[in-house]
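Spelled out from the first residue to the last, the chains are:
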Amino acid sequence: MTHASLKLRLLHQVQRVWQQGRTIQHVWRLADCAQPPLPVGLGWQTLRLAAVGAAAEPLRDGSEVRIRYRSALGQRLGKQSPQAPTAAALAAAMMADWPLALAAAALPWQGGDEAGWLWFDLAIADLAPWFADLAQPLPAAPDSAPPLPLPKATQLFQLQATHARCCSLLAQVSDQPDLQTVPWDALEPPAYGWLQGAIAATDAWQAHQLGLDKLPLSQPLLQLATGFEQIHQRTPLWGELTPARRQVYLGLVLITQRLLSQLLRLGWGISAWTTL
């Protein structure tokens, strides 16, 4: 399955730690309680996008925090029975086993715990595998999935107009971006609103595809479109951009176009406009 959402990538890492972590297994043995499985649904419900570009404290390696997810997994599992380990003990055990996941993970992350909470902090440079995944088609929702509510006419026009603008921009350039080689660490703070829209939209769609959360898809898509338009208004495409910033900008154009085109079709069966 394509990992369209950043959340699903993180969740699969958490599952790997849960299944293989020796410290976690030891904590459950001490509690004389069987370690429960960690299904996708439970992990998904406890993992939330907390902020984009809002964490000010630097990571241990000196890089600035960009993306933060937080999880109440320890709290949920610590309430299963009177014999279950406490949320703080579970969080500490999972933190002790993080190196196990990092050794085999394609997406590095760092975390911390506070009263049973787990925090996953990612720098922009860490998102390259996820950006590369967005070059692949998004997974379709199953036939049994309930229909998504349609956006309002004005909202739909905004999504269509943004898609058409992206098509026009890409048609004017010869250096088409390759999402696997774009230097994403050159992404600047004004793009964080766009980034949060892209993350939230793909998270919401993958949840719909998996039959989990029932979140409105139109809201993060509108945030994506609005964020892109704000970037576009302040970005001169010709003459003033460094090669790295130009490739990042064109990468944003391409991702915006692909997400809008696919989600208009997959979510509502609507063909995206290529011109206004």
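Scroll up to find the structure.
Residues numbered from 1 in each chain as written. Predicted model: local features only at pLDDT ≥ 70, side-chain atom pairs only at ≥ 80, totals over all residues. Heavy atoms only, no water.

S.K.: Could you clarify how one ought to interpret the overall build of the protein in this entry?
M.R.: Secondary structure summary: the protein contains 11 helices and four strands in total. Taken over 276 residues, the protein has a buried fraction of 50%. Nonlocal contacts in the protein, meaning residues at least 24 apart in sequence, comprise 77% of its contacts between residues at least 6 apart. Accessible surface computed for the protein: about 12800 Å², of which carbon and sulfur atoms make up 52%. (Helix = DSSP H or I, 4+ residues; strand = E, 2+ residues; numbered from the N terminus. Buried < 20%, exposed > 50% of the residue type's maximum accessible area, 1.4 Å probe, protein only. Contact = heavy atoms within 4.5 Å. Areas by Shrake-Rupley, 256 points an atom, 1.4 Å probe, with all protein chains shown as cover.)

S.K.: Explanation requested: the pairing of strand β4 (residues 117-122) in the structure shown.
M.R.: Consecutive side chains of a regular strand alternate in pointing toward one face of the sheet and then the other. Counting buried positions over the six residues of β4 gives five, a clear majority of the element. Note that strand β2 (residues 67-71) and β4 share five bridges and pair antiparallel. Within β4, the position partnered with Arg 70 by the bridge is Trp 119. (Pairing = 2+ DSSP bridges.)

S.K.: Is there a simple way to think about the packing of helix α1 (residues 6-20) against helix α2 (residues 22-30) in this case?
M.R.: Two numbers describe a pair of packed helices, the interaxial angle and the distance between the axes. Look at α1 against α2: their axes get within 6 Å of each other, and the N-to-C directions meet at 55°. Considering the angle they form, α1 stands oblique to α2. For the pair α1 and α2, the contacting residues are Val 17, Trp 18, Gln 19 and Gln 20 in the first and Arg 22, Ile 24, Gln 25 and Trp 28 in the second. (Axes fitted to C-alpha atoms, helices over the stretch in contact; angles between N-to-C directions. Parallel < 35°, antiparallel > 145°, perpendicular 65-115°, else oblique.)

S.K.: Would you explain helix α10 (residues 218-233) in this entry?
M.R.: Since the α-helix advances by 3.6 residues per turn, residues separated by three or four positions end up pointing in the same direction. Here α10 contains 16 residues, and its C-alpha end-to-end distance of 22 Å stays within 8% of the 22 Å for a straight helix at 1.5 Å per residue. Within α10 the residues assigned to the buried category are Ser 218, Pro 220, Leu 221, Leu 222, Leu 224, Ala 225, Gly 227, Phe 228, Glu 229 and Ile 231. Check the buried side of α10 and you find it contacts α8 (153-171), α9 (192-210) and α11 (243-268). (Expected span 1.5 Å × (residues − 1).)

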